[in-house]
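# Examining the three-dimensional arrangement
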Amino acid sequence: MATVRQPSDLDDYLFDLRGYLILRDAIDPELITRLNEAFDTFPADLEPWGWWGNVQRSDDGDNAKGYELQNIVEAGPPFEALIDHPSWIAYMRRYAGEVDSYVEGLFIDECFASIRRSGGYFYLHSGGYHGAIRGQYRYLNGVFRCGQVNALMALTDIGPGDGGTMVIPGSHKSNFAHPQSIGRDARPMDDVEGAIEVHLNAGDVLLFCDGITHGGSSRTNPEGERRVVIYRYGPSWAATRHGYRYSEDLLRRVSAPQRKILEPVRPRHPGETRQVTDEYPEDEPTG
Ligand SMILES: O=C(O)CCC(=O)C(=O)O
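Residues numbered from 1 in each chain as written. Predicted model: local features only at pLDDT ≥ 70, side-chain atom pairs only at ≥ 80, totals over all residues. Heavy atoms only, no water.

Going by what an unreviewed UniProt entry lists, the protein chain is known as Ectoine hydroxylase-related dioxygenase, phytanoyl-CoA dioxygenase (PhyH) family and is assigned to Microlunatus parietis.

On to helix H1 (residues 9–18), then. Among the residues of H1, those classed as buried are Asp11, Asp12, Leu14 and Phe15. Against the buried residues of H1 lie strand E1 (20–23), helix H4 (89–96), strand E8 (143–144), strand E9 (149–154) and strand E12 (205–209). At the exit of H1 stands Gly19, carrying a positive phi of roughly 90 degrees. (Buried < 20%, exposed > 50% of the residue type's maximum accessible area, 1.4 Å probe, protein only. Helix = DSSP H or I, 4+ residues; strand = E, 2+ residues; numbered from the N terminus. Contact = heavy atoms within 4.5 Å.)

A separate point is the sheet that holds strand E10 (residues 165–167). Spatial ordering of the open sheet is given by E6-E13-E10-E11, a layout of 4 strands whose pairing is antiparallel. Of all the strands in the sheet, the pair left with one neighbour each is strand E6 (122–125) and strand E11 (196–197). Pairing of E6 with strand E13 (residues 214–216) involves 2 bridges; the strand directions are antiparallel. When the sheet's bridge partners are listed, His125 is paired in E13 with His214. (Pairing = 2+ DSSP bridges.)

This part covers unusual backbone geometry. Despite not being glycine, Trp49 shows a phi value in the positive range, around 70 degrees. Looking at where Trp49 falls in the secondary structure, it is placed in the loop between helix H2 (29–40) and strand E2 (51–52). Phi angles above zero are rare outside glycine, and Asn71 is one such case at about 65 degrees. Tracing the backbone shows Asn71 in the loop between strand E4 (66–70) and helix H3 (77–80).

By the secondary structure assignment, Arg232 is in strand E14 (residues 226–235). A relative accessible area of 9% means that Arg232 is categorised as buried. At a separation of 2.7 Å, a polar atom in the side chain of Arg232 contacts the side chain of Glu110. Excluding residues within four positions of it along the chain, Arg232 makes contact with Phe107, Ile108, Asp109, Glu110, Phe112, Gln148, Val149, Asn150, Asp210 and Arg241. (Polar contact = N/O pair within 3.5 Å; in protein donor to acceptor, adjacent residues only side chain to side chain.)

Its location among the elements puts Ser87 in the loop between H3 and H4. Only 2.7 Å separates the side chain of Ser87 from the backbone oxygen of Ala26, close enough to count as a polar contact. Ignoring any residue separated from it by four or fewer positions in sequence, one finds Ser87 in contact with Arg5, Leu23 and Ala26.

One finds Phe15, Ile72, Phe79, Leu82, Trp88, Leu207 and Tyr231 to be the most contacted residues of the largest nonpolar core, which totals 53 residues. Discounting residues that sit within four places of it in the chain, Ile72 has contacts with Phe42, Val55, Phe79, Cys111, Phe112, Ala113, Val229 and Tyr231. The next biggest cluster of nonpolar side chains, apart from the first, holds 13 residues, and it includes Phe112, Leu152, Ile158 and Leu200. (Core = buried A, V, L, I, M, F, W, Y, C linked by side-chain atoms within 4.5 Å.)

Every residue close to the ligand is listed here: Arg116, Phe122, His125, Leu152, Thr165, His214, Gly215, Gly216, Arg226, Ile230 and Arg232. In the environment of the ligand, an oxygen atom lies 3.0 Å from a nitrogen or oxygen atom belonging to the side chain of Arg116. Thr165 is positioned such that a nitrogen or oxygen atom in its side chain is 2.6 Å from an oxygen atom of the ligand. Computed on the free molecule, the ligand has an accessible area of 290 Å², of which 97% lies beneath the protein chains in the complex. Among the elements of the structure, E6, E13 and E14 are those that each provide at least two residues to the shell around the ligand. Of the residues contributing to the shell around the ligand, the split by class is 3 nonpolar, 5 polar and 3 charged. (Near = heavy atom within 4 Å. Areas by Shrake-Rupley, 256 points an atom, 1.4 Å probe, with all protein chains shown as cover. Nonpolar A, V, L, I, M, F, W, Y, C, P; charged D, E, K, R; others polar.)

Side chains that differ in sign of charge can pair as their charged atoms come close. A full pass over the atoms with the stated rule returns 17 salt bridges. Between Asp109 and Arg134 there is a salt bridge, with the nearest N and O atoms lying 3.3 Å from each other. Linking Asp109 in strand E5 (residues 106–116) with Arg134 in the loop between E6 and strand E7 (139–140), this pair joins segments that are 25 residues apart in sequence. Residue Asp109 is classed as buried on the basis of its relative accessible area, which comes to 4%. Ionic pairing is found between Arg252 and Asp249, a salt bridge with its closest N-O pair at 3.1 Å. You can see Arg252 and its partner Asp249 sitting in helix H5 (residues 248–253), 3 residues apart, about one turn around the helix. Three or more residues are tied together by salt bridges with common partners; here these are Asp40, Arg117, Glu225 and Arg227. (Salt bridge = Lys/Arg side-chain N within 4 Å of Asp/Glu carboxyl O.)

Encoded structure:
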């Protein structure tokens, strides 16, 4: 069993200050290889909004110049290994898991694979100003209460010109709209004052509160592609953002702790005698 990486005092300090952390070497090379091999099998001819099993192609318009697959946890074992990955799961629990409350726990409300090719970018969005509660950053009375914390996992090296994620450090607490921010109008972030581009090596993970102003820089390198997987974690009571439902096969196959993240609130059917205080018995067999 891999060691669970725990957030340090410095992690807490930097996450609070900046709204993001970089977890270096978070995914071991063997899993990176398996994830890249899985990417190689994605059907290239899948139409936008076409389905591949319980996974749907869902490109961000034409801006990303690439290929996105939503509900990617349904695409096989390497993606299942990411659900409660030991390098970041303790961070997610601490920052978004409603610690020390009656609804303690996590839920993955969106997960997707993203390939970005030359010319692609992701527009500037989010930030503390008029931020949705879903993406909020909060630390109060000794506990974090973030509405959503993302793990953006690099499967390829992402350096200058590769279309790296951009963030405005500290903007998760911003009380003002960025003067260069003009809404969801597909504006790239490249020349936005205060924004920095995050460079990652394959295996690194960018962990960020969704309330930070962020986006993706324009990919200028003509060759190759940027490959990332993004899992968004929220509190146990959250709902799936786009309405995807995890299949019974997946829910049966994964481990009990993983199932609890995918389906923290068990559906209740007429005739069941489970008490409401017995929402998710730990000893329930999952196979
Ligand atoms: O693709 C990226 O680097 C940024 C992704 C993003 O903006 C998001 O997940 O909300």
